[in-house]
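Listed below are the residues making up each chain.
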Amino acid sequence: IWRIKMTNINIKTSIATLLASIFLSGTSALALDKVHLQTDWIPSGEHAMYFGGWQKGFWKDEGIDIKVTRGYGSGDTVTKIATGAADFGVADIGALLTAKARTNVPVKTIMQLYTHSPHSLFVLKSSGIKNFRGLEGKKIGITPGNSHKVYFPSVAEKSGTDPSKLIWVNSDGAAMAALLIAKQIDAAPFYSMHHYYQNKAAKKAGEQIIVLPFEKVGFTIYSASMITSEKMLKNKPDLVKRFLRATQRAFKWANENQTEACKLHIKKNPLVEQDDCEGSIRATMKFVFNNHSKATGRGKHDKKRLAFTYEHIAAAQKLDPSWNPQQAIDTSHVPSN
């Protein structure tokens, strides 16, 4: 009888434990914070750390149910964050500083991603264009709010080109390379890490793409950064910390596992090819993991480089040169690394 009673107790205890486990599991799932991350551009291998890290569950481990979507230029991403259409975003710091200085947009950079600028113009070798000099009258593709346009007047002036005589052609980011290869535009703004797969497409058409980096004329400035709204910073600082912790983890993992990161990235973006993805992510990581980020701490800023960055943005956009760019930055939640 005693054994029967003990067996019944054990069974009841096991059932209770199972039910509690199911309940807690369901509660945990319901408790995940839903977060929308919008990138700055089409989902090339440059973004494999986000799409790959999403599938690896790095944000879920921090209690976050993340959704990642492509961007349409940094200006658009800043607007999406300001209006609450997305919670976090990847945007060039130049686009944010411009919007902040002009309209005090309620958005801030919360982590610096790229330590120096990969901004470049892509041109066809057959065009004969070899540098930034003599671009007057040339058609340059652009997306609304694209940070390349923010910087290019200064680049043009330094190179002896009159920026007022450039012809900017608005287009969708996904169509930019095709327009260049078809010679409907003379140059297209891209980050330099996009060269591998864009040049691959150009070769199929019997052309070759040449990269003209802004950096070559002294533009060692900050670029892509992670942004969020001031409302998010004020009301959900713990969510910001957890989000950034997962983001740092995703970058570190992707840097050490580039092939796997690209395989997972392609599951979410099947139009991207494996070698294209790896070519992009390999180039991207040089802007993230380098001596500068070691010195400042990954995600943080160097005061001199930040001041230099704003100096050129202010000159290009006719902003108040005395305005303090720190007003647009809060990296206090970046985890130590």
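Predicted, not measured: the structure shown is a model, and the values here were computed from it.

About the cut-offs
- Sequence positions are assigned chain by chain, starting from 1 and proceeding in written order.
- Two thresholds apply to this predicted model, a pLDDT of at least 70 for residue-level local features and 80 or more for giving and counting side-chain atom pairs, whereas whole-chain, interface and lining totals are computed over all residues.
- Only hydrogens and water are removed before side-chain values are computed, so all heavy atoms of the structure are retained for them.
- Cavity and pocket criteria rest on a 1 Å grid covering protein atoms alone: a 1.4 Å probe that fits but cannot get out defines a cavity, protein on both sides within 12 Å along at least 5 of 7 lines defines an open pocket, and an atom within 4 Å of a point defines a lining residue.
- Grid points are joined across faces, edges and corners, and a volume is the space filled by probe spheres set on the points.
- Helix numbers and strand numbers start at the N terminus; a helix is a DSSP run of H or I with at least 4 residues, a strand a run of E with at least 2.
- Between the rings of Phe, Tyr and Trp (Trp by its six-membered ring), a pair exists once the centres lie within 6.5 Å; its type follows the angle of the planes, with under 30 degrees stacked, over 60 edge-to-face, and the other angles tilted.
- With a 1.4 Å probe rolled over the protein chains alone, any residue whose accessible area is under 20% of its type maximum counts as buried; one over 50% counts as exposed, and the rest are partly exposed.
- In what follows, a contact means two residues having at least one pair of non-hydrogen atoms within 4.5 Å.

Re the layout of surface pockets
The space that makes up the largest pocket amounts to roughly 470 Å³. Taken together, 21 residues make up the lining of the largest pocket; nearest its centre are Ile-42, Tyr-197, Gln-198, Leu-271 and Val-272. By residue number, the principal contributor to the lining of the largest pocket is helix 7 (residues 195-204), which donates 5 residues. The calculated volume of the second largest pocket comes to roughly 280 Å³.

Section: the packing of aromatic side chains
In this structure the tally under the stated criterion is 14 aromatic pairs. Judged by centre distance (6.1 Å) and plane angle (90°), the rings of Trp-41 and Phe-190 are edge-to-face. One end of the pair, Trp-41, is in the loop between strand 1 (33-38) and helix 2 (48-56); the other, Phe-190, is in strand 8 (residues 188-191), and 149 residues separate them in sequence. There is no split in this pair, since Trp-41 and Phe-190 are both buried.

Quick word on helix 7
Tyr-197, Gln-198, Asn-199 and Ala-202 are the residues of helix 7 that are buried. At its buried positions, helix 7 is contacted by strand 5 (119-124), helix 6 (176-181), strand 8, strand 9 (209-213) and helix 11 (274-284). Gly-206 occupies a position one or two residues after helix 7 and carries a positive phi of about 80°.

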